[in-house]
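Examining the three-dimensional arrangement
Chain by chain, the residues run as shown.
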Amino acid sequence: MYALMIYSLKVGACLAVFYLFFKLLLSRETFHRLNRIVVLAAMVLSFLLPLCVITIYRELPAQPEVSGAEQGFEMSAEPQPEPFPWDKAAAFVFLAGVGATLLWTFGSVCGVVRMIRRGRRERLADGTVLVRTDRSVTPFSWCRYVCLLYTSDAADE
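These remarks concern the structure in this document. Everything numeric in this text was worked out from a predicted model, so none of it was measured.

Helix length check: helix H4 (residues 86–118) (33 residues) gives 48 Å between terminal C-alpha atoms against 48 Å at 1.5 Å per residue, within 8%. Here H4 has its buried residues at Ala91, Gly111, Val112, Met115 and Ile116. Tucked into the core, H4 has its buried residues touching helix H1 (2–25), strand S1 (120–123), strand S2 (129–133), strand S3 (140–142) and strand S4 (145–149).

Shown next as structure tokens:
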């Protein structure tokens, strides 16, 4: 579990760096195909780069040997307190974030499904379904549905 959390943090850091790169250098470009390729490549690289391990070997100077009597270790009769379980706390925070994200996504999908069921549906020739709703919503598409704001004034004209 600890390795998965470290991997997730590394992926998140890579995604943040690539997003910053994209926002600063490419967000205003009109070459949409290039932008898509860069975004997809950045996503793939963000998941692959943390798997790469770079090992550096260095020579360290040898330390002189010290005998046990010279070290001055004394055994204490008091039991040492248990250290705080940081790995379990981090796992709990990670899983709480995953759960909150899943709930948020589930709620959003339920809202879209509810909007599609309540709206006026019209099947187009190419198989897509045009959904007109009276809710104030920015037009969007989801699967084969295209949702638009429907006002009675626009229909009368």
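Attention now moves to unusual backbone geometry. Residues apart from glycine generally show negative phi values, whereas peptide bonds are mostly found in trans. The backbone of Cys143 shows a phi angle near 55°, a positive value even though the residue is not glycine. Residue position: Cys143 is located in the loop between S3 and S4.

Before going further, it helps to spend a moment on the nonpolar core. If you look at the biggest cluster of nonpolar residues, it comprises 8 residues: Val112, Met115, Ile116, Val129, Val131, Val137, Tyr145 and Cys147. Looking at this core, the elements with two or more residues in it are H4, S2 and S4. When residues no more than four places from it in sequence are discounted, the contact partners of Val137 are Met115 and Leu149.

Our next topic: the pattern of salt bridges. In this structure the tally under the stated criterion is 1 salt bridge. When the shortest N-O distance is used, the salt bridge between Arg132 and Glu122 registers 3.6 Å. One end of the pair, Arg132, is in strand S2; the other, Glu122, is in strand S1, and 10 residues separate them in sequence.

As paired elements, S1 and S2 share 4 bridges and run antiparallel to each other. Among the inter-strand pairings, Glu122 is bridged to a residue of S2, identified as Leu130. Two successive antiparallel strands, S1 and S2, enclose a turn made up of 5 residues, where Gly127 displays a positive phi of approximately 100°.

There is a patch of nonpolar side chains on the surface, built from Leu15, Val39, Leu40, Met43 and Phe47 and spanning about 420 Å² of accessible area. Considering each element in turn, the nonpolar patch owes the most residues, 4 residues, to helix H2 (residues 32–48). Along the polypeptide, Phe47 turns up in helix H2. Taking relative accessible area as the criterion, Phe47 reaches 41% and is therefore assigned partly exposed.

Rules used throughout
Residues numbered from 1 in each chain as written. Predicted model: local features only at pLDDT ≥ 70, side-chain atom pairs only at ≥ 80, totals over all residues. Heavy atoms only, no water. Helix = DSSP H or I, 4+ residues; strand = E, 2+ residues; numbered from the N terminus. Expected span 1.5 Å × (residues − 1). Buried < 20%, exposed > 50% of the residue type's maximum accessible area, 1.4 Å probe, protein only. Contact = heavy atoms within 4.5 Å. Core = buried A, V, L, I, M, F, W, Y, C linked by side-chain atoms within 4.5 Å. Salt bridge = Lys/Arg side-chain N within 4 Å of Asp/Glu carboxyl O. Pairing = 2+ DSSP bridges. Patch = residues over 30% accessible without salt bridge, like charges linked within 9 Å, V, L, I, M, F, W, Y side chains within 5 Å. Areas by Shrake-Rupley, 256 points an atom, 1.4 Å probe, with all protein chains shown as cover.

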